[in-house]
Each structure stands twice: as C-alpha cells, then as structure tokens.
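Examination of the molecular architecture
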Amino acid sequence: MSSVLFDAAGPRARARYRTYSIISAVALLLLLAFLGWRMYDTGQFEYEKWEPFVTPEYIRALLVDGLLQTLLMAFSSIILAVVLGMVLGMGKLSEQAWLRWPCWLVVEFFRAVPLLLLIVFIYFTYGIGDGIGSYWSVVIGLTLYNGSVLAEVFRAGINAVPKGQSEAAYAIGMRKFQVMTSVLMPQGVKIMLPAIISQCVVALKDTSLGFYVAAPGLTRVGKGIYVEFANQVPTAIVLAAIYIVTNLVLSWIATKVQRRLTGERKVLVSSGA
Amino acid sequence: MSYVISNFELMLSAFRLTLELFVLSAVVSLVFGTLLAAARVGPVPVLARAGAVYVTLVRNTPLLVVFIFVFVVMPQLEMNIDSFMAKGVLALSVYTSAFVCEAMRSGINSVPLGQAEASRAIGLTFTQSMGLVVLPQALRAVVPPLASVLIALIKNTSVGAAFGLAEATFRMKGFTNDNTSERPLIFLTFAIGYIVLVEIVSAGAILLERRWRVAR
C-alpha cells in the first residue's frame, strides 16, 4: 500500500517494519503488564471490589439511575438545543440586522464560555433550594451551549443547499417562509443530521459535568458506589466502559443515518472536542 | 460591581492558573498528539493499531472521567503525583492528545496522493518530499482544526474546578457564594475572561492561516 507519506515497502523495509512491530508490541505489553501489576499489587482484583457490578441491585442503579438519567439529560437537552439552534440559526440567516446581531452575540457568547462555568452559575443562582434543581441546571446549560453550536451547524447546513434550489423556489412564486420550510430545511436537515448526532455524543459526555453540582447520572451513581465500597478503580473502569460503549453505539447510528440519508454525499462534521 | 473590583486581584490569579493549565497542557498534548498521529499514519501496524485504540477509547470517555482516573484512581494504584497542577495537566493532556492526533491526521490525509507521487517522480528524496511538498501542505490544513481543539482545551481547563484546582471556574463559584446579589455580574466578568482567552487563540489561528496562505 502506498500513501502520501511513504512508498510501498520493499523486502528490506518490510523486515525493518517487522522489527519495529515486535519492539513496540513488547513495549506496549510491558506497559499493560505494569498497570496490571499495579492493580494486582494494590488488590484491585479482589472479589469484594467487583461485587457491586455483579449484584442486580447495583447493576439496576447503574443502568436506571445512572445511564438512563444520563441519556434522558442528553436527549432532552439535544431536543431543546435543536429547537434553540433552529431559532438562532434562522436569526443569523435573517436579513434584518436587529435580528441577526443579537443572535450572533448569543451564539458567540455561549460557544466561548466553558459549559461548567455556565452550569455552576445556573445551579447556584437558580437551582439550589426551591429552584429548578441540579437536573434542569445541567439540561439548561447543555441546551444553551449545544443550541449555539447547532445554530452554526444549522446555518452552514442551509447554506450548503445548492443556490439553484432557493432560486427555483422563488421563481415559482414561493414566499421566503415557504422557501425555508418546504425547500431549504428538508434538504438542509439531511446534511445536518450526522453533525446533530455527533453533537449528541458531545452532549452525552458533557452530562458528566453534572458531577460538580451533584446532578443525577452515571458519575453520581459511580461516586456513590465507590464511596460505599472503596472500590475507586473498578468503578472508574466500569463508568468509562459504559460511556465508551454508549458513545460508540451513537456514532455507529450516526454513520448508518449518514449512509442512508445522504448516500456518502457532502456532510458537515463537527470536531466534537 | 464593587465586589468584583475589590477582589480583582484574586480573579486575576485564578485566570493565571487557568492560563498555566492551558499552556502546559497545550504543549504536552501537541507533542504527544503529534507522536500519536505519527504512530497512526506510520508504516508499523502495531503502533497504528495501538494509536487507533487510544484515540477511540479517550475520545469516547468524558473528560470528567479522565480526571477521576488521574485524581482518584491513580492514588489507589499507588502511582500518586503530588502536585495538583501536574495532575490537572496530565488529565487534560491525556484527553486533548486524542483530538490533536485526529486533527493532525486529517491534515496529512488532506494532502492528495498525487502530490507525493509527483515529488517522487521528479526524484526528490524522502526528506525533500516530506519537507518541501507534503508537510507544508499538511501544516496549512491542520491550523483550523487544531485551533478548535485548543479552544476546547481552554474551556476544558474549567473541569479542574471539580477536583480542587483553584482556577477561574472554581473562583467564580467562591465569588458567587460570598456575594449572592452580584451573581450575574460576577458570571459575566468571568465569562468575559474566558472569551478573551478564546479570542486570542482564534485570532492567532486566523493570523497564521493568513500568513501561510498561498496563491492558488
């Protein structure tokens, strides 16, 4: 195989690559063995430490109070964020300056402010006591942040629809609103959908920030377990595994949707950092 | 307003910590991320596979869980690091490296295969074709995604607040607890602090892009 960086390897190069492969495999195995030995040495493999994860009661707590709450938070905030993103995105596309500028300001502000700062502010100002509580503080924070990100996605998606489409729609006598709702949006959404789903992955990861304001979800259940059993290491591994599997499933769905809807045509991809 | 002004010194020191966290993690993750990218696009299958596994695992783990690994799990394994700063930088770098790696890889992949083939065809050596043809083009393509990774890093430093690093978000929480009547103002002041940092990075990226732009 030839790539931009190097040519297809000849026999001598192949032999060299094999040596490197063996050396690096040994190095990686040593690293893993070191971690395994640290875990063994500090008694992380003892049954008591893993017991909660084979006990139905705790599995239920992890899945229902943890994963389900996390998913609920992520999806409710994404749905709200899609609505907010559409409003802000439309606002940014508007020809009225008095509508465009405030929308631009809101989008830029919430995109640049750390989500945790936003959540902390919402929670301690409106959330505690008789307020909206930690759950909604996180959901609102996520909605404002993801809504602003999706506003950009939305604007870019509408702009990615070929110009001839809106010109043709105007030519057959549609109004601006009709052009947007029955011509541009249905086509734009197809282009945007993968970006929206990958934003779901980002939202799902960000729900973990609720940890700081004691919001429900995986991280709080996890903390409860490791405080009770003093099994920090197994709990962290299980938490990470649940997040990774859920996110991989979401990304897999995103790829499926992308294939089905766009047939490999141009799509927007967000970096998702 | 009075509260923010009278504690301005404290706020500045919090932002200094945010900035230190950002700069140190940025340097570490740029170096490590580049090495990872090299492993992923390189010709050694084991390294390429290991790099891919690392990126997949880390990218799908929330940063908060990475922080839990560094701040809670590592002491349990008797691999504790004493300095909070070092722990914060480690957690942020482990996470950000994966994104740096992907940004670098997308830059290299954006160079068309024909460029390298043409440079080989006119007899350039490996070093020449890398240094004169492939890498300059990859470098230009890498600036915008790398800038957004760094901007995300600035915002991610805030997660340190949940683990006792007294950076800006931590300080804002303290401020809003001490002075309940000026909360929105305090929030706005800290938000502007972050926005300034973000704008500096994105202005730098735009400047680089402009300087390196080639006439096509």
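Residues numbered from 1 in each chain as written. Chains lettered and ligands numbered in written order. Predicted model: local features only at pLDDT ≥ 70, side-chain atom pairs only at ≥ 80, totals over all residues. Heavy atoms only, no water.

**Section: the overall build of chain B**
- The helix and strand inventory of chain B stands at nine helices and zero strands.
- Each helix and strand of chain B, placed in order from N terminus to C terminus, yields the pattern α-α-α-α-α-α-α-α-α.
- Projected onto the principal axes, the alpha-carbon positions of chain B cover approximately 70 × 45 × 25 Å.
- Within the span of chain B, comprising 216 residues, buried residues form 50% of the whole.
- Look at the contacts in chain B between residues 6 or more apart in sequence, and 77% of them connect residues 24 or more apart.
- Approximately 9900 Å² of chain B is accessible, and the part contributed by carbon and sulfur atoms is 66%.
- Here chain B contributes 16 positively and 11 negatively charged side chains, and the mean placements of these two sets differ by 11 Å. (Helix = DSSP H or I, 4+ residues; strand = E, 2+ residues; numbered from the N terminus. Buried < 20%, exposed > 50% of the residue type's maximum accessible area, 1.4 Å probe, protein only. Contact = heavy atoms within 4.5 Å. Areas by Shrake-Rupley, 256 points an atom, 1.4 Å probe, with all protein chains shown as cover. Lys, Arg positive; Asp, Glu negative; His and termini not counted. Charge placed at Lys NZ, Arg CZ, Asp CG, Glu CD.)

**Quick notes on the overall build of chain A**
- A tally of helices and strands in chain A yields ten helices and zero strands.
- For chain A, the succession of helices and strands along the chain, N to C, is α-α-α-α-α-α-α-α-α-α.
- In terms of overall size, chain A is more extended than a compact globule, its C-alpha atoms giving a radius of gyration of 24 Å where 273 residues would be expected to give roughly 19 Å.
- Reported as C-alpha extents along the three principal axes, the dimensions of chain A are approximately 75 × 70 × 30 Å.
- Relative to its full complement of 273 residues, chain A shows a buried share of 47%.
- When contacts within chain A are restricted to residue pairs at least 6 apart in sequence, those whose partners lie at least 24 apart make up 73%.
- Accessible surface, chain A: about 14100 Å² in total, of which carbon and sulfur atoms supply 67%.
- With 23 positive and 15 negative side-chain charges, chain A shows a spacing of 14 Å between the two charge centroids. (Rg over C-alpha atoms; globule rule 2.2 N^0.38 Å.)

**Some words on the interface of chain B and chain A**
- Between chain B and chain A, the contact holds 57 residues from the first and 52 residues from the second.
- Between chain B and chain A, a total of about 5000 Å² is buried, with carbon and sulfur atoms accounting for 75% of that surface.
- Contact with chain A buries area across many residues of chain B, yet Asn-60, Leu-77 and Phe-187 of chain B alone supply 12% of it, more than any other trio.
- Taken together, the connections running from chain B to chain A amount to one salt bridge. (Buried area = accessible area lost by both parts, 1.4 Å probe. Salt bridge = Lys/Arg side-chain N within 4 Å of Asp/Glu carboxyl O.)

**Some details on the packing of aromatic side chains**
- Counted under the stated rule, the structure contains 20 aromatic pairs over all chains.
- Taking 6.1 Å as the distance between ring centres and 45 degrees as the angle between the ring planes, the aromatic pair formed by Phe-34 of chain A and Trp-37 of chain A counts as tilted. Of the two residues, Phe-34 of chain A and Trp-37 of chain A both sit in helix H1 (residues 11-41), three residues apart, roughly one turn of that helix.
- In this structure Phe-34 of chain A comes out as partly exposed when scored by relative accessible area, which is 40%.
- Owing to a relative accessible area of 45%, Trp-37 of chain A belongs among the partly exposed residues under this scheme.
- Ring centres 5.8 Å apart and planes at 90 degrees place the aromatic pair Phe-32 of chain B and Tyr-54 of chain B in the edge-to-face group. Residue Phe-32 of chain B is located in helix H2 (residues 8-41), and its partner Tyr-54 of chain B is located in helix H3 (residues 45-59); the two are separated by 22 residues in the primary sequence.
- By relative accessible area, Phe-32 of chain B is classed as partly exposed at 35%. (Phe/Tyr/Trp six-rings, centres within 6.5 Å; stacked < 30°, edge-to-face > 60°.)

**Looking at the side chain of Asp-206 of chain A**
All names here are of chain A.
- Within the fold, Asp-206 resides in helix H8 (residues 176-206).
- Of the side chains bearing the opposite charge, Lys-205 lies closest to the buried Asp-206, which forms no salt bridge; the N-O distance is 6.7 Å.
- For Asp-206, the contacting residues outside a window of four places in its chain are Leu-115, Leu-142 and Tyr-145.

**A few points about helix H5 (residues 84-109) of chain B**
Residue and element names in this part refer to chain B.
- In a regular helix each residue adds 1.5 Å, so 26 residues correspond to 38 Å; H5 covers 37 Å between its end C-alpha atoms and thus fits that length.
- Residue Thr-96 marks the point of greatest curvature in H5, where the axis turns by about 30 degrees.
- For H5, the N-terminal cap is Ser-83; the gap from its side-chain oxygen to the backbone nitrogen of Met-85 is 3.2 Å. (Expected span 1.5 Å × (residues − 1). Bend = angle between axes of the 7 residues up to and from the residue. Polar contact = N/O pair within 3.5 Å; in protein donor to acceptor, adjacent residues only side chain to side chain.)

**Remarks on the environment of Leu-113 of chain B**
All names here are of chain B.
- Within the element layout of this structure, Leu-113 appears in helix H6 (residues 113-121).
- Overall, the relative accessible area of 35% leaves Leu-113 in the partly exposed class.
- Placed 103 residues apart in sequence, Leu-113 and Leu-10 show a C-alpha to C-alpha distance of 53 Å.

**Focus on the side chain of Ser-25 of chain B**
All names here are of chain B.
- Among the secondary structure elements, Ser-25 is positioned in helix H2.
- For Ser-25, a relative accessible area of 0% corresponds to the buried category.
- Beyond its immediate sequence surroundings of up to four residues, Ser-25 is in contact with Val-89, Leu-92, Ser-93 and Leu-153.

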